[in-house]
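# Remarks on the overall topology
Spelled out from the first residue to the last, the chains are:
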Amino acid sequence: YGYGNRSAVTLTNSAEGETVAGLYLTNSAMTLSSIVNGDATNEPFADGDFLEVEITGIDADGNPTGKVVAVLADFRDGRQETGAISASNHSAP
């Protein structure tokens, strides 16, 4: 759970690092309700709003190895999509 801040997950099974083969992301019921209905601090999503998660791989020396962006809600360009919509892999070769 990483609301409003940067969260880190550290894999410590080996000193050489780990490769994550896959990951499932989705909106919680509370997040979906906030997107659709608004909440105490936010209006419902409108055209142009979106929610995405950016995941960056880091090697043992702290250098970025690539990133993946997963869109969890997209109200841009007339869309009204919620849930795990897409993931863009921006991995370094």
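Let me begin by describing the structure that accompanies this report.

What counts, and at which threshold
- Residues numbered from 1 in each chain as written.
- Predicted model: local features only at pLDDT ≥ 70, side-chain atom pairs only at ≥ 80, totals over all residues.
- Heavy atoms only, no water.
- Salt bridge = Lys/Arg side-chain N within 4 Å of Asp/Glu carboxyl O.
- Helix = DSSP H or I, 4+ residues; strand = E, 2+ residues; numbered from the N terminus.
- Buried < 20%, exposed > 50% of the residue type's maximum accessible area, 1.4 Å probe, protein only.
- Phe/Tyr/Trp six-rings, centres within 6.5 Å; stacked < 30°, edge-to-face > 60°.
- Lys NZ or Arg CZ within 6 Å of the ring centre and 35° of its normal.

## Observations regarding the pattern of salt bridges
- According to the stated counting rule, one finds 3 salt bridges in the structure shown.
- Glutamate 54 is the partner of lysine 67 in a salt bridge, and the nearest nitrogen-oxygen pair spans 3.6 Å. Here lysine 67, found in strand E2 (residues 64-74), pairs with glutamate 54, found in strand E1 (residues 50-58); they are 13 residues apart in sequence, far enough to count as distant.
- Owing to a relative accessible area of 31%, lysine 67 belongs among the partly exposed residues under this scheme.
- With a closest N to O distance of 2.9 Å, aspartate 74 and arginine 76 form a salt bridge.
- With a relative accessible area of 5%, aspartate 74 lands in the buried category.

## Considerations on the packing of aromatic side chains
- All chains considered together, the criterion is met by 1 aromatic pair.
- Taken together, a centroid distance of 5.5 Å and an interplanar angle of 75° make the contact between phenylalanine 45 and phenylalanine 75 edge-to-face. Taken together, the residues phenylalanine 45 in the loop between helix H1 (29-37) and E1 and phenylalanine 75 in the loop between E2 and strand E3 (81-91) connect sequence positions 30 residues apart.
- Taking relative accessible area as the criterion, phenylalanine 45 reaches 23% and is therefore assigned partly exposed.
- Over the aromatic face of phenylalanine 50 sits the side chain of arginine 76, whose NZ or CZ is 4.2 Å from the ring centroid.

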